[in-house]
Amino acid sequence: MKIAKNTVVTVHYKLSDAQGNLIEESRDPMVYLHGGYENTLPKIEEALEGKDIGYETTIQVEPEDAFGEYDPNLIKIEPRNRLPDPVEVGMQFEGTPDDAAGGEESIIFTVTDIADDQVVLDGNHPLAGMALRFTLSVAGVRDATEEEVAHQHVHGEHGHHHHHGDAEGEGDDQFRSYPLH
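All values reported here derive from a predicted model rather than from experimental measurement.

A. Layout of the confidence of the model for the protein chain. Scored by pLDDT, the protein chain has a mean of 84; 82% of the residues are at 70 or more. When the criterion is pLDDT under 50, residues 160-181 qualifies, and its contacts beyond four places in sequence or with other chains add up to 38 contacts.

The following block contains the structure:
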């Protein structure tokens with residue numbers, strides 16, 4: 001079966017920077033609903049369109065097609081006493097950029113430095129500004145179920161699990177593929 005809109009694709013991947021330094025290698029495969037549902041990067045979908053099980057490729061994705069350019073305006077310096085104690089490098093907090101207009105969506109800020117009474121928060125994705133190389137190996141392709149198409153994501157193993165009786169987003173739902181913006 002060929003990869004096309006409304007197929008569920010199982011792919012093993014290696015993610016490296018443009019110099020070939022390994023960033024991440026999948027232990028479990030990435031499983032996503034193919035066809036523009038924002039379950040993976042559009043350039044990955046483009047590279048796999050029409051391919052079959054066993055297909056392997058390496059693609060380079062520029063920052064504008066991955067996690068965006070690095071935006072220095074998404075750096076905030078906050079007084080340490082405005083954050084929970086203890087605060088550590090790597091912790092993440094939800095907030096809005098300093099120049100946010102009313103109603104703007106919040107973003108995740110990561111603590112990147114702590115100095116005296118100041119904490120540096122970075123709202124950029126950790127891979128922002130980087131050209132990325134993906135080595136992809138297609139391990140499976142199947143037709144999506146009507147429910148998966150209606151919900152715009154994969155259900156079942158390595159996908160999103162709905163627990164009957166839980167409200168959407170509550171409980172211990174596990175996600176394997178994430179919308180990327």
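B. Highlighting the packing of aromatic side chains. The tally for this structure, following the rule as stated, stands at zero aromatic pairs. If you follow K51 out to its NZ or CZ, it ends over the ring of Y55, 5.3 Å from the centre. Across the ring face of F109, the terminal group of K76 is positioned such that the distance to the ring centre comes to 5.1 Å.

C. Region of interest: the sheet that holds strand β7 (residues 107-115). If you walk across this open sheet you meet the four strands as β5-β8-β7-β6, and the pairing is antiparallel. Edge positions in the sheet fall to β5 (75-79) and β6 (92-95), since each of these pairs with one other strand and no more. Taking the axes of each pair of neighbouring strands and ignoring which way they run, one obtains an average angle of 40 degrees across the sheet. Inspection of the sheet shows β7 paired to strand β8 (residues 118-122) by five bridges, in the antiparallel sense. Bridge pairing in β8 links I114 to V119.

Conventions used here
Residues numbered from 1 in each chain as written. Predicted model: local features only at pLDDT ≥ 70, side-chain atom pairs only at ≥ 80, totals over all residues. Heavy atoms only, no water. pLDDT = per-residue confidence, 0-100. Contact = heavy atoms within 4.5 Å. Phe/Tyr/Trp six-rings, centres within 6.5 Å; stacked < 30°, edge-to-face > 60°. Lys NZ or Arg CZ within 6 Å of the ring centre and 35° of its normal. Pairing = 2+ DSSP bridges. Helix = DSSP H or I, 4+ residues; strand = E, 2+ residues; numbered from the N terminus. Axes fitted to C-alpha atoms, helices over the stretch in contact; angles between N-to-C directions.

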